[in-house]
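These are the residues of each chain, in order.
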Amino acid sequence: MVPLATAAPATVSVQAEPQGASRGGILSRLWHAYRQRRAEAVLRNLADEMDAHMLEDVGAPQWLVNETTREQALKRITSIDNLRW
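Residues numbered from 1 in each chain as written. Predicted model: local features only at pLDDT ≥ 70, side-chain atom pairs only at ≥ 80, totals over all residues. Heavy atoms only, no water.

K.L.:
Would you mind going over the nonpolar core with me for this structure?
P.N.:
Generally speaking, soluble globular proteins have nonpolar side chains that are buried together. Listed in full, the 5 residues of the largest apolar core are A47, A52, L55, L64 and V65. When contributions to this core are tallied by element, the ones reaching two or more residues are α2 (52-58) and α3 (62-84). The contact partners of L55, leaving out residues within four places of it in the chain, are A47, M50, A60, L64, V65 and T68. (Core = buried A, V, L, I, M, F, W, Y, C linked by side-chain atoms within 4.5 Å. Buried < 20%, exposed > 50% of the residue type's maximum accessible area, 1.4 Å probe, protein only. Helix = DSSP H or I, 4+ residues; strand = E, 2+ residues; numbered from the N terminus. Contact = heavy atoms within 4.5 Å.)

Here is the structure:
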């Protein structure tokens, strides 16, 4: 046994993965992308019922608040155009 005072610390070499690379093959990356897209779709479906202020109050991501605001503005503009004619 080596006394603790003279023992050298163990070194572990860890290779860093390149940024953006994930473990697993193409199927796991495709599955991850699919699940992320489905999660965003679920959020979009929930946002159809709410306005921008309600989404901000519940802590929705900013991209969803912006998208909802854009959709509401487009609906308002198209309904005004229909009333003009």
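Now that the structure has been shown, we can carry on.
K.L.:
For this particular structure, what's the right way to read the environment of Q72?
P.N.:
Examined against the element boundaries, Q72 turns out to sit in helix α3. When the C-alpha atoms of Q72 and D51 are compared, they prove to be 8.1 Å apart, with 21 residues separating the residues in sequence. Within the structure, the side chain of Q72 is placed 3.5 Å from the backbone oxygen of M50, a separation counted as a polar contact. (Polar contact = N/O pair within 3.5 Å; in protein donor to acceptor, adjacent residues only side chain to side chain.)

K.L.:
Hey, could you run me through the packing of aromatic side chains in this one?
P.N.:
Aromatic ring pairs are described here by two measures, namely the spacing of the ring centres and the angle between the planes. Throughout the structure, instances matching the rule amount to 1 aromatic pair. Here W31 and Y34 contribute two aromatic rings whose centre-to-centre distance is 5.5 Å and whose plane-to-plane angle is 35°, an arrangement assigned as tilted. Remark: Y34 and W31 occur in helix α1 (residues 26-47); sequence separation between them is 3 residues, near one turn of the helix. W31 gets classed as exposed once you look at its relative accessible area, which sits at 55%. (Phe/Tyr/Trp six-rings, centres within 6.5 Å; stacked < 30°, edge-to-face > 60°.)

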